[in-house]
Structures are given as structure tokens and as C-alpha cells.
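# A look at the structure
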Amino acid sequence: MKRRKIFAGNWKMNKDRSSAVALAREVAAGLPAGFDGDVMLFPPFPFLTEVVEAVSNAAHAIGIGAQNMHYEKSGALTGEVSADMVLSTGARWVLLGHSERRHIFGETDPMIGKKIKTALREGLSPIFCVGEKLEERKAGDTGAVVLRQLRIGLEGLTTEEIVRVVVAYEPVWAIGTGINATPAQAQETHRAIRSEIAKLASPMVAENFRILYGGSVAPANVKELLVEPDIDGVLVGGASLEAGKFLAICNYK
Ligand code: PGA
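This text gives an overview of the structure that appears in the document.

## Structural notes on the overall build of the protein
Counting its regular elements, the protein contains twelve helices and eight strands. What you see for the protein is a C-alpha radius of gyration of 17 Å, in line with the 18 Å of a compact globule of 253 residues. By residue count, 55% of the 253 residues in the protein fall in the buried class. For the protein, the accessible surface area stands at approximately 11000 Å², while carbon and sulfur atoms represent 54% of it. Counting 29 positive and 29 negative side-chain charges, the protein places the centres of these two groups 2 Å from one another.

Structure, rendered in C-alpha cells:
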């Protein structure tokens, strides 16, 4: 089974209205005819609607998503955004459990699990991020940490729901540091994630399940990562802020 590669750009808290729209247009215009992959952009909340519009007529469909959402439908939750609100912008994807949400904003595994469930039930497709910290890797706990995050995040989901999830493995020590995991390190964790999906859902679901790598992905290292058998795409932060670099990653072949 050939899994279609995903190229996702996480813009984090960057860009203003006009540069966000311009970047989305440049990415859309720069994909070659017949491009064989799924491209997704994750702008800040206030620009979602305009970025959706900016790519609506793109020759190659581009998915747009939010960088976070709350699991409640509505209420006294100042500063939060619901799945419905994200959907109303035209976005269809959402990043959940990003390490900056976990480590700067204190999001826990159970909280992320609730968000994943809500996203799926409301009609958003999640990119669910997992990854170990440097001290956890040094202690030999990478597998245990990542699989714990995965199991709690997917707890209580039906097989039909698991099918709609994309997982991104992002070692915390590789994010924004310029130090990417070696292809072999990433492959080892991706394989462990796929085996766990086979147990949680089924071997067939695992075979079709897409697992992205994220953490200092750049034009110079994308190819060696994507040739690994269990790496099905990339979640790109810094290098997604410039159309030229992001397009070079999409065109890695
Ligand atoms: P980076 O970020 O590519 O800048 O390391 C990746 C991410 O945080 O998703």
C-alpha cells in the first residue's frame, strides 16, 4: 500500500494578515502540475478564513488547519476556540498536542485525548503530535513516552475514528533547534507507532496510517527522512515560513 505523503506547514505565531495570504498563494502557485502529495498549512487563528479563501481555487487542493482548539463546544473559556469555530472558517484540519502546547501551556495527555475526540466528532481531522524530551531520550525512555502519549490520545476512539487521525512524531529536542533526529532514530519510533496502531485498531489500519516526522525539517534533510519506510510526510515549522523553502521540501524528489 502506497501512503500519500503529507507536507504540513506549522506557521506558529508568525506572519501578519497580508503576509499570511501571500505565503499561502505562493505555496499554491508553486506546486508543480500533477504534484503527488497532500499539502496542509496551519496559520494563526485570525488568518484562517482568508488563507482558506486564498487557496480555494488552487490547482492542487491545499488543506488548511488550526494550530489548536478547545474540547468544549462553548462557554466561559476566555481566549479559547471551539472545533465549530474552526470549521466555520472553512478549515478542516487541526494540530493537537504540539509540544509547545504541552510544555509551554501545560496541556496533558488526557486533555489532548479529549481534544482529539471532540475534533473527530465535530468533523475536523487531527494531526496529533507526540514526542519525547531530551532527558527522556537520554534515559532510554523514548518508546515508552511516545507510546504512552499515543495510547492516551487515542483512548476510547473507534477504529473508524483512528483511521481519520494523522500522527506527527516530533522529538522535542529537535524542534526549532536545527538538530533533526537521524533518519534511523525517526524510523525506529515511527515503526513503534505503527505497531501500536496495529494493536489499537488493526494491521490493515496501521498499514494505511500516516505518520509524519517534525523537528528541524529543511530542504537539505527531507529526502533522507522520507526514504525511510515508515515516514509518510513532514510537519515543518521554521522552514514553512518561506515559500521557497517549503516548496523545496514539497519537491524533495
Ligand atoms: P521546526 O518546528 O521545523 O521549526 O523545528 C516543527 C514544529 O514545531 O512543528
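Following the structure, the description resumes.
## Remarks on empty space enclosed by the protein
Under the defined criterion, the tally for this structure stands at one cavity of 30 Å³ or more. Approximately 40 Å³ is the volume attributed to the largest cavity. Lining the largest cavity, in full, are Glu 72, Lys 73, Ser 82, Ala 83, Asp 84, Thr 118 and Glu 122. Going through the elements one at a time, α3 (83-88) and α5 (109-122) are the ones with two or more residues in the lining of the largest cavity.

## Regarding helix α7 (residues 142-154)
Counting along an α-helix, one turn takes 3.6 residues, and residues three or four places apart therefore face a common direction. Look at α7: 18 Å from first C-alpha to last across 13 residues, which is about the 18 Å you get at 1.5 Å a residue. Of all the residues in α7, the buried ones are Thr 142, Val 145, Val 146, Leu 147, Gln 149, Leu 150, Gly 153 and Leu 154. As for α7, its buried residues are in contact with α4 (99-103), α5, β5 (125-130), α6 (134-138), β6 (166-169) and α9 (183-200). The positive-phi residue at the C-terminal boundary of α7 is Gly 156, with phi of around 80°.

## Description of the sheet that holds strand β3 (residues 62-66)
Strands sit in the order β1-β2-β3-β4-β5-β6-β7-β8 around a closed barrel of eight strands; the barrel is parallel. Strand after strand, the sheet turns through a mean of 25° between neighbouring axes, direction not considered. In this fold α7 packs onto β5 and β6, with an angle of close to 155° to the strand it touches most, β5. Running over the sheet, α9 touches β5, β6 and β7 (211-214) and is turned about 150° from β7.

## Topic: the layout of surface pockets
When its volume is computed, the largest pocket comes out at roughly 450 Å³. Looking at the lining of the largest pocket residue by residue, the classes come out as eight nonpolar, six polar and four charged. Roughly 150 Å³ of internal volume is contained in the second largest pocket. Split by residue class, the lining of the second largest pocket holds five nonpolar, eight polar and two charged.

## Re the site of the ligand
Taken together, 13 residues surround the ligand, and among them Lys 12, His 98, Glu 170, Gly 176 and Ser 216 come closest. For the ligand, an oxygen atom lies 2.7 Å from a polar atom in the side chain of His 98. Here an oxygen atom of the ligand and a backbone polar atom of Gly 176 are 2.6 Å apart. Burial of the ligand by the protein amounts to 95% of the accessible area it has alone, namely 280 Å². When atom positions are compared with the pocket grids, the ligand is found to occupy the second largest pocket. In terms of residue class, the shell around the ligand is made up of four nonpolar, seven polar and two charged.

## Focus on unusual backbone geometry
Even without being glycine, Lys 15 reaches a positive phi, approximately 85°. Looking at where Lys 15 falls in the secondary structure, it is placed in the loop between β1 (6-10) and α1 (17-30). Even without being a glycine, Ser 216 presents a positive backbone phi close to 60°. Topologically, Ser 216 is positioned in the loop between β7 and α11 (222-226).

## Quick look at the pairing of strand β4 (residues 93-96)
The side chains of a regular strand alternate, residue by residue, between the two faces of the sheet. Where burial is concerned, the two faces of β4 agree: the one with Trp 93 and Leu 95 and the one with Val 94 and Leu 96 are both buried. Summarising the sheet, β3 and β4 pair through two bridges and their orientation is parallel. The partner of Gly 65 across the bridge, within β4, is Trp 93. Viewed along the sheet, the connection from β3 through α3 into β4 turns out right-handed. When β4 meets β5, the two strands line up parallel, connected through four bridges.

Here is what the cut-offs are and how they apply
- Residues numbered from 1 in each chain as written.
- Predicted model: local features only at pLDDT ≥ 70, side-chain atom pairs only at ≥ 80, totals over all residues.
- Heavy atoms only, no water.
- Helix = DSSP H or I, 4+ residues; strand = E, 2+ residues; numbered from the N terminus.
- Rg over C-alpha atoms; globule rule 2.2 N^0.38 Å.
- Buried < 20%, exposed > 50% of the residue type's maximum accessible area, 1.4 Å probe, protein only.
- Areas by Shrake-Rupley, 256 points an atom, 1.4 Å probe, with all protein chains shown as cover.
- Lys, Arg positive; Asp, Glu negative; His and termini not counted.
- Charge placed at Lys NZ, Arg CZ, Asp CG, Glu CD.
- 1 Å grid on protein atoms, 1.4 Å probe; cavity = no way out; pocket = protein on both sides within 12 Å on 5 of 7 lines; lining within 4 Å.
- Points joined across faces, edges and corners; volume = space filled by probe spheres on them.
- Expected span 1.5 Å × (residues − 1).
- Contact = heavy atoms within 4.5 Å.
- Pairing = 2+ DSSP bridges.
- Axes fitted to C-alpha atoms, helices over the stretch in contact; angles between N-to-C directions.
- Nonpolar A, V, L, I, M, F, W, Y, C, P; charged D, E, K, R; others polar.
- Near = heavy atom within 4 Å.
- Polar contact = N/O pair within 3.5 Å; in protein donor to acceptor, adjacent residues only side chain to side chain.
- Sits in = over half its atoms within 2 Å of the grid points.
- Right-handed = clockwise from strand over helix to strand, strands pointing away.

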